[in-house]
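Examination of the molecular architecture
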Amino acid sequence: LWTGLSADGAVLMPLQAYEWSEKYGWLNDRYGLSWQIMLGKFEEVGQAIAPSLLFGGAQHGRAEEAIRFYTSVFSDSGIDAIHRYGRGGIDPEGSIKHAQFRLNGEAFMAMDSAVEHDYGFTEAISFIVRCKTQDEIDYFWKALSAVPEAEQCGWLKDKFGVSWQVMPSVLPDMLMDPDREKIERVTHAFLQMKKFDIAALQKAYEG
């Protein structure tokens, strides 16, 4: 994995032993996507790949607030582990060194970093929330959206700057219909929307 992903990329932390793992490394691949590769026990996470949110810059120190907020919004969620910074480092004592939590049963990681970074959360990475009903869409939209000007085509940005796509589970089937006219009508309809309206999409689909 390290050899494949690091090719034509950039190493941020070399693959070697650290206090938290016998073998760990951090890199940006050739497309600029960031990966942390760690030797560990699969059962401690439950999945081979898990997203990790780095709270730096203006968002530094808000990792725990975000974790508690997200786990309150999504069902089947919880905090599995929180490790905090101690005294004497760059990061304030008590801020999040590493945390693991679950949203809808999916593993996520988060950490604070006081190191100066030239990046933050952007629309380049977003999380998709699939909803079966309009009530679900309305619930997640109200809970998560905090930047009105960022709302478009089911996309929103929360109070931490993290982007989400709240979409109806029927939309992919509509867009894969062999009838091109149906696809065009649905596409035209959702391009006018901020929050998705399932009834309006269904009306466009049926013509």
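Scroll up a little and you will see the structure.
Residues numbered from 1 in each chain as written. Predicted model: local features only at pLDDT ≥ 70, side-chain atom pairs only at ≥ 80, totals over all residues. Heavy atoms only, no water.

Quick word on the nonpolar core
Within the largest apolar cluster, 40 residues are counted, with the highest numbers of intra-cluster contacts made by Tyr 70, Trp 164 and Leu 201. Among all residues touching Leu 201, those that are not within four sequence positions of it are Pro 168, Leu 171, Met 174, Val 186, Ala 189, Phe 190, Met 193 and Phe 196. Tyr 18, Tyr 24, Leu 54 and Met 111 belong to the second largest nonpolar core, which has 5 residues in total. (Core = buried A, V, L, I, M, F, W, Y, C linked by side-chain atoms within 4.5 Å. Buried < 20%, exposed > 50% of the residue type's maximum accessible area, 1.4 Å probe, protein only. Contact = heavy atoms within 4.5 Å.)

Topic: the packing of helix α2 (residues 63–73) against helix α3 (residues 134–144)
Two elements in contact, α2 and α3, have axes whose closest approach is 11 Å; the angle formed by their N-to-C orientations is 165 degrees. Viewed along their axes, α2 and α3 adopt a mutual orientation that is roughly antiparallel. When you trace α2 past α3, the crossing you get is right-handed. Two secondary-structure elements touch here, α2 through Phe 69, Ser 72 and Val 73 and α3 through Tyr 139, Phe 140, Ala 143 and Leu 144. Each residue belonging to the contact of α2 with α3 can be placed in one class, and the counts come to 6 nonpolar, 1 polar and no charged. (Axes fitted to C-alpha atoms, helices over the stretch in contact; angles between N-to-C directions. Helix = DSSP H or I, 4+ residues; strand = E, 2+ residues; numbered from the N terminus. Parallel < 35°, antiparallel > 145°, perpendicular 65-115°, else oblique. Left-handed = near helix turned anticlockwise from the far one by under 90°. Nonpolar A, V, L, I, M, F, W, Y, C, P; charged D, E, K, R; others polar.)

Structural notes on the pattern of salt bridges
Inspection of every chain in the model, using the stated rule, returns 8 salt bridges. Here Glu 19 and Lys 97 are joined by a salt bridge, their closest N and O atoms 3.7 Å apart. Here the residue Glu 19 occupies a position in the loop between β1 (10–18) and β2 (21–28), and Lys 97 occupies one in strand β6 (residues 96–103), the gap between them amounting to 78 residues. For Glu 19, a relative accessible area of 71% translates into the label exposed. Its relative accessible area of 34% is what places Lys 97 among the partly exposed residues. Across the salt bridge formed by Glu 123 and Lys 157, the nearest N and O atoms sit 3.0 Å from each other. Of this pair, Glu 123 sits in the loop between β7 (106–112) and β8 (126–131) while Lys 157 sits in strand β9 (residues 155–157), and the two are 34 residues apart along the sequence. Judged by relative accessible area, Lys 157 falls into the buried class, the value being 16%. A single salt-bridge network, built from bridges that share partners, covers Glu 64, Arg 68 and Arg 84. (Salt bridge = Lys/Arg side-chain N within 4 Å of Asp/Glu carboxyl O.)

Shape is all these values report; function is a separate question.
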